[in-house]
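# Report on the structure
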Amino acid sequence: MTNLLMQIAGPAGWLRSVLPQSISDSVVYDVIWPLIQIAVALFIVMTLVAYLTLAERKISAWIQSRMGPMRVGPWGLLQPAADGLKLLIKEDIIPLLADKAVFTIAPIVSMVAAITVLVIIPYGAGWAPITDVNIALLFILAFSSVGTLGIILGGWASNSKYPLLGALRSSAQMISYEVAMGLALIGPLMWSKTLSMVGIVNAQNGDHIWYVFYQPLGFLIYFVCALAETNRAPFDLPEAESELTGGFHTEYSGFRFSLYFIAEYAAMFTVSAIAVTVFLGGWDFGGLIGHFLANTHQNVYTVISIIVFFGKVLLLLWAFMWFRWTFPRYRYDQLMDVGWKWLIPASLANIVLTGVWFVIGISIPDGKPFLKNYGTYIAAPGFPAKAYVIGSAFLVTITLTAILLSSINKHSRDFNLRTQRQLQLQKRAERLAEAGNM
Amino acid sequence: MSITEKDILKIAEARTRIEPMFDTQEMTLNMGPQHPSTHGVLRVVLKLDGETVIDLDCDIGYLHRGVEKIAENRTYPMIAPYHDRTDYIAAVSNGLCWVETVEKVMGLEVPKRAQYIRIILTELNRITSHLLWLGTHCIDLGAFTIFLYAFREREEILKIFENYFGARLTTHAFRIGGFWWDTYPGFEEQVKFFCDYFPEKIKEYEIILNENRIWLQRTVGIGLISPEDAVDIGLTGPPLRGSGVNYDIRKAMPYEAYEEMDFIVPLGKAGDTYDRFLVRMEEMKQSRNIVLQALDKLKETEGQPVIAKVPKVIKPPIGEVYHSIEGPKGELGIFLVSDGTNKPSRMRIRPPSFINLQALRQMCIGHLVADVVAIIGTLDIVLGEIDR
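What you see is a predicted model, and the numbers here were worked out from it, not measured in a lab.

### Section: the overall build of chain A
Along chain A, the regular secondary structure elements total 17 helices and 0 strands. Going through the 438 residues of chain A one by one, you find that 42% of them count as buried. A sequence separation of at least 24 residues applies to 78% of the contacts in chain A between residues at least 6 apart.

What follows is the structure, given as structure tokens:
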């Protein structure tokens, strides 16, 4: 193991050559280097999160024909620091009737859950990932649920009505969207045949394709669920400002509030990172340059891959913000409708249909089982195989799922609002006619 | 030890006596007076079963200033600013209602030119009021961006107000008998500029909202009120017309020069929040049309006086009068008792928001908490007017 790591050039190897030989190899490679990686990742992601708050304000300002923060620092660039300082020196209020212990712990739970996941995310090729766990995806899903638990605890412990409603909404939302989110990720896993984050990216590299093309429906479902999972508009019900004043964090102030705030943005980063890893090829930037660099300049390739990874994540985060400032908010029951009547059936259909295409592809009887080698990294699938998979995913899967969903929701109130409106008018006309007869 | 038949009976008996482990009870939720979307200091006491509203009670009076009583101790011109501030969103309309009531009791005939300017200003004020309604309604439903778009357009009108009366929100526009000043140079161009620029902005809102699935889901079928109930409760303005009742005082009992204006009264069909939304959007377009027509008439009356012959001390003859105009929020009326002195003996305001708020309970029961916010928004209430 150590010998294997020794062969990898880059910062770890450099660290070995710099540190005295009295420190054993395993300490260097398994303790010091990961700790440095964690510190750097934490620093980068936390700075990113801080600047996401500024980005949110700037993007909302551009959408709303304003300028956004401009006073603190040039172009408002020091605004996150000012906000953080302000929140730090605010009074930390714990309501008299609150459950003090839980009230104190709840934001920490959210925060810890959001930060822990950062360890698993593959930031780039080569030496960039901190660790590679073989159940990484399950680990991330589990921890994102723990983050929601922090919200529920906070709402409950506040012993106040608005936070309580926020917490209840949050728990319902967690249950309904977690399911669809997990199911949406199964589709790409069928192609990658691994749960390890690095493995998933490598599988996409090996196949020379991003799974968003194989799983367009899965990606859509995942993205919608990610919005809901991180309490972003149009699913920001737990903190719906206009209904529940502040939702679960109504009673929180000062630094505890900022912990929730940071946790929300860190969770946004995490779900975007998963989307990038699973659907958008992770750090992969494809093309001949990528392969040339990967073979010759390993470290340059790694650095570029890290930048590419963060670039893709930022692109998704931009979409998160764009959605927030465009859409109105769903109502609680409609949120449940979307979760249970649309997303979960759609993700189930996606799994079944993906499996069907897979089996059919393997057993096509013309003597060329072109999908046989899938997930084995032996050879990238050829053009006909890709065309078959992409075509079936885009045309047939989406069409069939749409048919299924519309048949499920045929009688749902929200499915066809126009028909609903017509019925309403018809009923009223009948009632008026009756009144006229009497 | 074996289980005897007696034990089984005991268990069965215990099962029939099983009570729920926890008590269930309705939750009483105090919405307001400090709440982001009760549009001021309205306090709504909600009784909730889960998130469903089973009962609702409004508590008002947090903004009571006693305008009606104060009016008894002020001379007629002095009352006008007080009355302007009852509905601070539509101060120009409020001012119009007051001066017209006094003119009615005095039997004053306002010059034509003044009437046109009044129409232009009140219709512009209707647009500002509806824009503010649109913005806050959208915020209530979570669409924050429209709010700032609406304020951007509102700003153009406020500039006109600022140039004319020196104030943007708390305007004091009219004098009894007409105006003190004619329009300022460039007034017509500025109004024309706004009218040219406004339709495309309305289009922008319609693109964002009219066919938006979430918007439709949040508004269609929410806060239904039948025309009969609407008439019974005494709703006026867009909430009444949203239910399909054709009653607009500008058409029914025209005041000023509204007879000469050509406009249609938009009507809803189903009487839900979406209909009221459409009605108000159409009303803004119609207001713009009226402004353009009045602007043409204004050019014809160039150089004519803008104020009637008004005595220095206003002492209306003894009498009672009720006069109402179509304010942005509904029928805005004043009942005035004059005892022949320079102060009214009694002034009573009929605020549209106050009457429209009566419908809240009926509209909300059975809906969810989120809908209560939407319905308060669609009623377009202003607490300054409700509490007076």
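### Brief notes about the overall build of chain B
In terms of helices and strands, chain B carries 16 helices and 6 strands. Projected onto its principal axes, the C-alpha positions of chain B cover 110 × 50 × 35 Å. Across chain B, contacts joining residues at least 24 apart in sequence account for 70% of those joining residues at least 6 apart.

### Digging into unusual backbone geometry
The phi angle at A:W75 is positive, at roughly 60°, despite the residue not being glycine. Its location among the elements puts A:W75 in the loop between α3 (25-63) and α4 (79-88). Phi is positive for B:E256, close to 45°, though the residue is something other than glycine. Mapped onto the elements, B:E256 comes out in the loop between α11 (249-252) and α12 (273-300).

### Some points on the pairing of strand β3 (residues 52-59) of chain B
Residues and elements named next belong to chain B. One ladder, built from 7 bridges, connects strand β2 (residues 43-49) with β3; its direction is antiparallel. The residue bridging L48 from the neighbouring strand is V53, located in β3. Connecting β2 to the next strand, β3, in antiparallel fashion are 2 residues, including G50 with a positive phi near 70°.

### Overview of the interface of chain A and chain B
Opposite the 30 residues of chain A that make contact, chain B presents 32 residues. Contributions of two or more residues to the side of chain A that touches chain B are made by α7 (161-192), α11 (241-244), α15 (332-362) and α17 (417-437) of chain A. Per-element tally for the side of chain A that touches chain B: the top contributor is α17(A), with 6 residues. Of the residues that constitute the side of chain A that touches chain B, the class distribution is 12 nonpolar, 8 polar and 10 charged.

### A few points about helix α12 (residues 254-279) of chain A
Between its first and last C-alpha atoms α12(A) spans 38 Å; for 26 residues at 1.5 Å apiece the expected length is 38 Å, and the two agree. Directly after α12(A), the chain includes A:G281, whose backbone phi takes a positive value near 75°.

### Description of the confidence of the model for chain A
Chain-level statistics for chain A give a pLDDT mean of 79 and a share of 84% at 70 or above. Confidence drops under pLDDT 50 across residues 375-379 of chain A; counting only partners more than four residues distant or on other chains, this segment forms 7 contacts.

### Remarks on the sheet that holds strand β4 (residues 319-327) of chain B
Paired through their backbone hydrogen bonds, the strands of a sheet run either parallel or antiparallel. Residues and elements named next belong to chain B. Overall, antiparallel pairing links the 3 strands, which are arranged β4-β5-β6 in an open sheet. The outermost strands of the open sheet, each flanked by one partner alone, are β4 and β6 (344-350). Neighbour to neighbour, the strand axes of the sheet diverge by 15° on average, direction disregarded. As defined by bridge partners, strand β5 (residues 330-338) adjoins β6 across 6 bridges and the pair is classed as antiparallel. When the sheet's bridge partners are listed, S338 is paired in β6 with P344. Sheet strands in contact with helix α4 (residues 91-106) are β4 and β5, and its direction is about 150° off that of β4.

### Section: the environment of A:D83
Within the secondary structure layout, A:D83 lies in helix α4. Taking the C-alpha atoms as reference points, A:D83 and A:I130, separated by 47 residues in sequence, lie 30 Å from one another.

### Notes on the confidence of the model for chain B
Keep in mind that low pLDDT regions are not for reading the predicted coordinates in detail. Taken as a whole, chain B shows an average pLDDT of 85; of its residues, 96% reach a score of 70 or greater. The complex model carries a pTM of 0.82, and its ipTM stands at 0.76.

### Structural notes on the environment of A:G339
All names here are of chain A. Structurally, G339 is set in helix α15. In sequence terms G339 and G166 are 173 residues apart; their C-alpha atoms lie 18 Å from each other. Leave out the neighbours within four places in its chain, and G339 touches S176, Y177, A180 and I344.

### Details of the packing of helix α6 (residues 136-157) of chain A against α12(A)
Residue and element names in this part refer to chain A. Contact pair α6 / α12: the axes reach a minimum separation of 12 Å and the direction vectors enclose 160°. Regarding the angle of α6 to α12, the classification is roughly antiparallel. The two elements α6 and α12 meet at a crossing, and its hand is left-handed. Across the interface between the two elements, I140, S144, G147 and G150 of α6 pack against A263, A267, T270 and I274 of α12. Classifying every residue of the contact of α6 with α12 by side-chain character gives 4 nonpolar, 4 polar and no charged.

### Re helix α6 (residues 144-165) of chain B
For α6(B), with 22 residues, the first-to-last C-alpha span of 31 Å sits near the 32 Å given by 1.5 Å per residue. The largest bend in α6(B) comes to about 25°, at B:E155. What α6(B) keeps buried is the set B:F144, B:T145, B:I146, B:Y149, B:A150, B:E153, B:I157, B:I160, B:F161, B:Y164 and B:F165. Contact partners of the buried residues in α6(B): α3 of chain A together with α5 (112-140) and α7 (187-209) of chain B. After α6(B) finishes, the residue B:G166 shows a positive phi value of roughly 85°.

### A word on the nonpolar core
With 214 residues, the main nonpolar core has A:Y222, A:C225, A:A266 and A:A275 as its most contacted residues. Setting aside chain neighbours within four positions, we find A:Y222 in contact with A:M181, A:A184, A:L185, A:A275 and A:F279.

### Concerning the sheet that holds β2(B)
Residues and elements named next belong to chain B. If you trace the 3 strands from one edge of the open sheet to the other, you get β1-β2-β3, paired in antiparallel fashion. The open sheet has two edge strands, β1 (27-31) and β3, and neither has a second partner. Taking the axes of each pair of neighbouring strands and ignoring which way they run, one obtains an average angle of 20° across the sheet. Across the sheet, helix α15 (residues 369-379) touches β2 and β3, and the angle it forms with β2 is around 150°.

### Digging into the packing of α3(A) against α4(A)
Residues and elements named next belong to chain A. Between α3 and α4, whose axes approach to 9 Å, the crossing angle comes to 105°. Relative to α4, α3 is oriented roughly perpendicular. Contacts between α3 and α4 involve A50, Y51, T53 and L54 from the former and Q79, P80, D83 and G84 from the latter. Its residues assigned to classes, the contact of α3 with α4 comprises 4 nonpolar, 3 polar and 1 charged.

### Brief notes about the environment of B:D87
For B:D87, the location among the structural elements is in the loop between α3 (76-84) and α4. In the structure, B:D87 is positioned 223 residues away from B:V310 in sequence and 27 Å away in space, judged by C-alpha atoms.

Cut-offs used in this document
Residues numbered from 1 in each chain as written. Chains lettered and ligands numbered in written order. Predicted model: local features only at pLDDT ≥ 70, side-chain atom pairs only at ≥ 80, totals over all residues. Helix = DSSP H or I, 4+ residues; strand = E, 2+ residues; numbered from the N terminus. Buried ≥ 20, exposed ≤ 12 C-beta atoms within 10 Å, placed from the backbone. Contact = placed C-beta atoms within 7 Å. Pairing = 2+ DSSP bridges. Nonpolar A, V, L, I, M, F, W, Y, C, P; charged D, E, K, R; others polar. Expected span 1.5 Å × (residues − 1). pLDDT = per-residue confidence, 0-100. Axes fitted to C-alpha atoms, helices over the stretch in contact; angles between N-to-C directions. Parallel < 35°, antiparallel > 145°, perpendicular 65-115°, else oblique. Left-handed = near helix turned anticlockwise from the far one by under 90°. Bend = angle between axes of the 7 residues up to and from the residue. Core = buried A, V, L, I, M, F, W, Y, C linked by C-beta atoms within 7 Å.

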